[in-house]
Amino acid sequence: MTAHRILFLVLDGISDRPCPDLAGKTPLQVAKTPNLDSFAREGVCGVMDTIGPGIRPGSDTAHLALLGYDPYTYYTGRGPLECEGTGIHMEPGMIGFRCNYATVSNRGKVTDRRAGRIHDTQDLSAAIQKGVDLSRFGVEFIFRSGAGHRASLALRGKGLGHCVSSNDPKKEGVAPLTIVPLKDEPAHRKTAEVCNEFVRQATAILSSHPVNQKRESEGKNPANFVLMRGAGEMGHFEPFNEKYGLSGSVIAAASLIGGIGTAVGLQRVHVIGITGSQDSNLSGKISAALDELKSRDFVLVNIKGADESGHDGLALQKTAFIEKIDSAIAPLRTIEDCIIVICADHSTPCTVKDHSADPVPAVIWGEGVRTDCVQQFDEISCAEGGLCRITGSSLLPIALDLLNRSRKYGA
Ligand code: ZN
Ligand code: ZN
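Student: Could you give an account of the overall build of the protein, with specific residues and numbers?
Tutor: Each helix and strand in the protein was counted, giving 15 helices and 13 strands. For the protein, the C-alpha radius of gyration of 22 Å lies close to 22 Å, the compact-globule estimate for 411 residues. Along the first, second and third principal axes, the C-alpha set of the protein runs to 65 × 55 × 40 Å. Across the protein, contacts joining residues at least 24 apart in sequence account for 73% of those joining residues at least 6 apart. Element-wise, carbon and sulfur atoms account for 49% of the exposed surface of the protein, whose accessible area totals about 17400 Å². Within the protein, one finds 44 positive and 47 negative side-chain charges whose respective centroids are separated by 5 Å.

Laid out in structure tokens, this is it:
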């Protein structure tokens, strides 16, 4: 029997390098992972350069590649994808930014880049949306709160470019920067001018807003400034269901990953209690995925916590979280009629505390797969597997072929 559905389980940053804290082994090698190992034993394994050998991926470019959208064509910056992730429908040509609410002192210096980790910013964002007027530039905007102190801004109008700098000085105790064009062309100059005007008007609204007056009276840092970065222009994404003939959903706590999903036309599924962190509701994600697979051909689930441990350099914490993932995925062991792909989007070695270009382990499991000799799901064992070394953009075509749905090339 041929499977009809595909599940992509992307374990964000789970891949690593030998860790001194783990006697020279990787967290995946050390962690007890009976479920991941069963998939490896029964499936076909390999290692994968998500984008290409030696290319250090961001989570965004990596997920684009995994979904088969060449990041070199589709990626101009994180902003538009973050905008999608906060629920703004981005049309091709719109310019998107990631934003932060921040605190700026009376003397004009950034004193807190996260505005006291404010979390309920809906009223502030609504006031900005209502009060800021960019019509003299012929520009409309959408400003939305994201999780915590985060927000996003989308601009729509004629003659806008996306090559502009950020106003985030990236440190506290200095004044916010003026946004400048990074290319000396009218479109980029116009966007820079629009952004500076947006920030000027938003600051005036925020400084007198009752939410901030209340915060100040309580001794909290007011959210009186908007820092913006990650400018990008929304591209035209060929819809996922037209590209592959599959209907699909995405399950991810991170707005960036959810935004990539909706940008390519996947349905975003919200799950209660998912945080993108160590305390996330992993079983909730897995059961939501199983539910989605009842009506969808394709589901992508992103589990983020291991990446966080890698960035913090905490090998033991990463190992413990991998074991938590392993128990959460137990219900997938009995799934039928489904090709399961398990991989990372990139390595986040604890010794590097950032993403590296080391290839990541990958396994494809399900009906029709030619099982190899790999017994364990880790970076070293998977390198011995039947997939050998592939790129991220090959995963979906391989999975599609296992559904017997790939198009024949030639006669
Ligand atoms: Zn990632
Ligand atoms: Zn990361």
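Student: Explain the sheet that holds strand β9 (residues 267–268) to me, using residue names and the numbers behind them.
Tutor: Ordered in space as β9-β8-β10-β1-β11-β12-β2-β13, the eight strands form an open sheet in which the pairing is mixed. Edge positions in the sheet fall to β9 and β13 (388–391), since each of these pairs with one other strand and no more.

Student: Account for the coordination of the zinc ion (ligand 2), naming residues and giving values.
Tutor: At this site the zinc ion (ligand 2) is bound by D307 (OD), D307 (OD), H311 (NE2) and H355 (NE2), with donor distances of 2.0 to 2.4 Å. Counting along the primary sequence, the residues that act as donors to the zinc ion (ligand 2) give the motif D-x3-H-x43-H. Given a relative accessible area of 10%, H355 falls into the buried group.

Student: Explain the coordination of the zinc ion (ligand 1) to me, using residue names and the numbers behind them.
Tutor: Bound to the zinc ion (ligand 1) are the protein donor atoms D12 (OD), S59 (OG), D345 (OD) and H346 (NE2), situated 1.9 to 2.1 Å from the metal. One chain supplies every donor for the zinc ion (ligand 1), spaced along it as D-x46-S-x285-D-H. The distance between the zinc ion (ligand 1) and the zinc ion (ligand 2) comes to 4.5 Å. Pair noted here: D12 is in the loop between β1 (5–11) and α1 (27–30) and S59 is in helix α3 (residues 59–66), with a separation of 47 residues, a long-range link. Of the two residues examined, D12 and S59, each falls in the buried class.

Student: How would you explain the side chain of S145 if you had to name every residue and give the values?
Tutor: Among the secondary structure elements, S145 is positioned in strand β5 (residues 139–145). Engagement of the side chain of S145 in a polar contact is seen with the side chain of T121, the distance being 2.6 Å. In terms of polar contacts, S145 uses its side chain to reach the side chain of S125, at 2.6 Å. Once you skip the residues sitting within four places of it in the chain, S145 turns out to touch T86, T121, Q122, S125, R150 and A151.

Student: Explain unusual backbone geometry to me, and be specific about the residues and the numbers.
Tutor: At K353, a residue that is not glycine, the phi angle is positive and equals roughly 60°. Assignment of secondary structure puts K353 in the loop between β11 (338–343) and β12 (360–365). When its relative accessible area of 49% is taken as the criterion, K353 is described as partly exposed.

Student: Go over the pattern of salt bridges, please, and point to the residues and values.
Tutor: What the rule picks out here adds up to 20 salt bridges. The shortest N-O distance in the salt bridge between E82 and R98 comes to 3.9 Å. Taken as a pair, E82 in helix α5 (residues 79–85) and R98 in strand β3 (residues 95–104) lie far apart in primary sequence, 16 residues in all. You'll find E82 and R98 in the same group, each marked buried.

Student: I'd like a rundown of the packing of aromatic side chains, residues and numbers included.
Tutor: As enumerated under the stated definition, the model contains 10 aromatic pairs in all. Between F39 and W365, the aromatic rings sit 5.1 Å apart at their centres with planes inclined by 90°, giving edge-to-face as the arrangement. Linking F39 in helix α2 (residues 34–42) with W365 in strand β12, this pair joins segments that are 326 residues apart in sequence. Taken together, the aromatic side chains of F8, F240, Y244 and F298 make up a single cluster linked through ring pairs. Note that K243 overlies the ring of Y69, its terminal NZ or CZ placed 4.9 Å from the centroid.

Student: Which residues make up the domain arrangement of the protein, and what are the values?
Tutor: For the protein, the assigned domains read domain 1 (5–76 + 236–402) and domain 2 (94–233). Each of domain 1 and domain 2 has a C-alpha centre, and these two points are 34 Å apart.

Student: Explain the packing of α3 against helix α10 (residues 255–263) to me, and be specific about the residues and the numbers.
Tutor: In the contact formed by α3 and α10, the axes pass within 10 Å of each other and the chain directions differ by 30°. Our pair here, α3 against α10, has a crossing hand that is right-handed. On α10, the residues that touch S59, D60, H63 and L64 of α3 are L256, I257 and I260. Residue composition of the contact of α3 with α10, grouped by class: four nonpolar, two polar and one charged.

Cut-offs applied
Residues numbered from 1 in each chain as written. Chains lettered and ligands numbered in written order. Predicted model: local features only at pLDDT ≥ 70, side-chain atom pairs only at ≥ 80, totals over all residues. Heavy atoms only, no water. Helix = DSSP H or I, 4+ residues; strand = E, 2+ residues; numbered from the N terminus. Rg over C-alpha atoms; globule rule 2.2 N^0.38 Å. Contact = heavy atoms within 4.5 Å. Areas by Shrake-Rupley, 256 points an atom, 1.4 Å probe, with all protein chains shown as cover. Lys, Arg positive; Asp, Glu negative; His and termini not counted. Charge placed at Lys NZ, Arg CZ, Asp CG, Glu CD. Pairing = 2+ DSSP bridges. Donors = N, O, S within 2.8 Å, 3.2 Å for Na, K, Ca; no water. Buried < 20%, exposed > 50% of the residue type's maximum accessible area, 1.4 Å probe, protein only. Polar contact = N/O pair within 3.5 Å; in protein donor to acceptor, adjacent residues only side chain to side chain. Salt bridge = Lys/Arg side-chain N within 4 Å of Asp/Glu carboxyl O. Phe/Tyr/Trp six-rings, centres within 6.5 Å; stacked < 30°, edge-to-face > 60°. Lys NZ or Arg CZ within 6 Å of the ring centre and 35° of its normal. Domains from an automatic or database assignment. Axes fitted to C-alpha atoms, helices over the stretch in contact; angles between N-to-C directions. Left-handed = near helix turned anticlockwise from the far one by under 90°. Nonpolar A, V, L, I, M, F, W, Y, C, P; charged D, E, K, R; others polar.

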